[in-house]
Amino acid sequence: MLSNNELLLFHGTNQLFDNIDLNKSKDKRDFGKGFYTTTLELQSRNWAENMFIRYGKYGIYVMKFKLKDISDLKVKEFKGLDKEWLNMIKDNRLNGGIQHNYDVVIGPVADDNTMRTVALYVDGVYNEDMAIEQLKFSKSNNQVSIHTNKALNKLEFIGRDEYDKEIFI
């Protein structure tokens with residue numbers, strides 16, 4: 001996924017903002033408290049639409065960024081829905097905060113397709129092997145989470161697109 005030591009990233013939101021403040025990030029997320037993006041523009045637009053439908057606010061926006069020169073960052077990239085991925089999600093969702101020491105984490109999203117399995121694993125209904133067996137049939141999109149100011153400093157804002165919110169009102 002990394003190309004020329006940089007990534008093109010998209011962030012879907014229902015609010016306008018100019019500065020990213022990691023302290024305002026929501027807790028108990030897949031890879032811990034952080035700023036979440038994706039390499040998939042359509043996925044970020046879907047996230048923005050969902051946030052607008054749920055919470056209202058100002059509109060439907062997709063912000064574009066380039067994460068550049070990341071050679072000195074600690075980056076964890078999950079290649080699929082494996083045990084390590086599953087346990088990172090469990091640790092971060094149960095304990096909150098950031099349960100790792102990476103600047104950036106790249107990997108699959110625990111989305112509607114995988115959330116039931118992840119929730120059953122976190123609750124102890126499924127053991128690790130049962131959860132992985134269920135997840136092997138899932139196809140998921142990706143997410144790129146930024147967890148440190150060191151990584152944020154390598155994030156270059158490229159632009160913002162606004163989409164019609166009238167169809168949701």
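None of these values were measured; they are calculated from a predicted model.

1. Examining the overall build of the protein chain
Within the protein chain one finds 5 helices and 7 strands. A burial count over the protein chain gives 43% of its 169 residues as buried. Of the contacts made within the protein chain by residues no fewer than 6 positions apart, 83% connect residues no fewer than 24 positions apart. As displayed, the protein chain has an accessible area near 9,300 Å², and 45% of this comes from carbon and sulfur atoms. Side chains of the protein chain carry 24 positive and 25 negative charges; the gap between the two charge centres is 2 Å.

2. What about the packing of helix α2 (residues 83–95) against helix α4 (residues 128–135)?
The geometry of α2 relative to α4 is characterised by a closest axis approach of 10 Å and an angle of 110 degrees between their N-to-C directions. Regarding the angle of α2 to α4, the classification is roughly perpendicular. Relative to α4, the crossing made by α2 is right-handed. For the pair formed by α2 and α4, the contact residues are Lys-83, Trp-85, Leu-86 and Asn-87 on the first element and Glu-128, Asp-129, Ala-131, Ile-132 and Leu-135 on the second. Here the contact of α2 with α4 is built from residues that sort into 5 nonpolar, 1 polar and 3 charged.

3. Side note on the sheet that holds strand β4 (residues 75–77)
The mixed open sheet is built from 4 strands, whose spatial order is β2-β6-β5-β4. At either end of the open sheet lies a strand with only one pairing partner, and these are β2 (35–37) and β4. Along the sheet, successive strands turn relative to each other by an average axial angle of 15 degrees, direction set aside. Here β2 runs beside strand β6 (residues 142–146); their pairing, made up of 3 bridges, is antiparallel. Counted as the bridge partner of Phe-35 is Ile-146 from β6.

4. A closer look at the packing of aromatic side chains
Tallying each qualifying case throughout the model produces 4 aromatic pairs. Between Phe-31 and Phe-78 the ring centres are 5.7 Å apart and the planes differ by 20 degrees, which places this aromatic pair in the stacked class. A residue pair is termed long-range when its members are at least 10 positions apart, and Phe-31 in the loop between β1 (7–13) and β2 and Phe-78 in the loop between β4 and α2 qualify at 47 residues. The same class applies to Phe-31 as to Phe-78, namely buried. Look at Phe-35 and Phe-65: their rings are 5.7 Å apart centre to centre, the planes differ by 85 degrees, and that puts the pair in the edge-to-face class.

5. Things to note about the side chain of Lys-76
Within the element layout of this structure, Lys-76 appears in strand β4. The contact partners of Lys-76, leaving out residues within four places of it in the chain, are Glu-84, Tyr-102, Val-104, Val-105 and Ile-106.

6. With respect to the pairing of strand β5 (residues 104–108)
Of all the 5 residues making up β5, 5 are buried; the element is thus mostly covered by neighbouring parts of the structure. Sheet analysis places β4 next to β5, joined by 3 bridges and oriented parallel. Looking across to β5, one finds that Lys-76 is bridged to Val-105. With α2 bridging β4 and the parallel β5, this β-α-β connection has right-handed handedness. Relative to β6, β5 runs antiparallel, the two being bridged by 5 bridges. What sits directly across from Val-105, in β6, is Ser-145.

Thresholds applied
Residues numbered from 1 in each chain as written. Predicted model: local features only at pLDDT ≥ 70, side-chain atom pairs only at ≥ 80, totals over all residues. Heavy atoms only, no water. Helix = DSSP H or I, 4+ residues; strand = E, 2+ residues; numbered from the N terminus. Buried < 20%, exposed > 50% of the residue type's maximum accessible area, 1.4 Å probe, protein only. Contact = heavy atoms within 4.5 Å. Areas by Shrake-Rupley, 256 points an atom, 1.4 Å probe, with all protein chains shown as cover. Lys, Arg positive; Asp, Glu negative; His and termini not counted. Charge placed at Lys NZ, Arg CZ, Asp CG, Glu CD. Axes fitted to C-alpha atoms, helices over the stretch in contact; angles between N-to-C directions. Parallel < 35°, antiparallel > 145°, perpendicular 65-115°, else oblique. Left-handed = near helix turned anticlockwise from the far one by under 90°. Nonpolar A, V, L, I, M, F, W, Y, C, P; charged D, E, K, R; others polar. Pairing = 2+ DSSP bridges. Phe/Tyr/Trp six-rings, centres within 6.5 Å; stacked < 30°, edge-to-face > 60°. Right-handed = clockwise from strand over helix to strand, strands pointing away.

In short, the description is geometric, and any link to function would need to be established separately.
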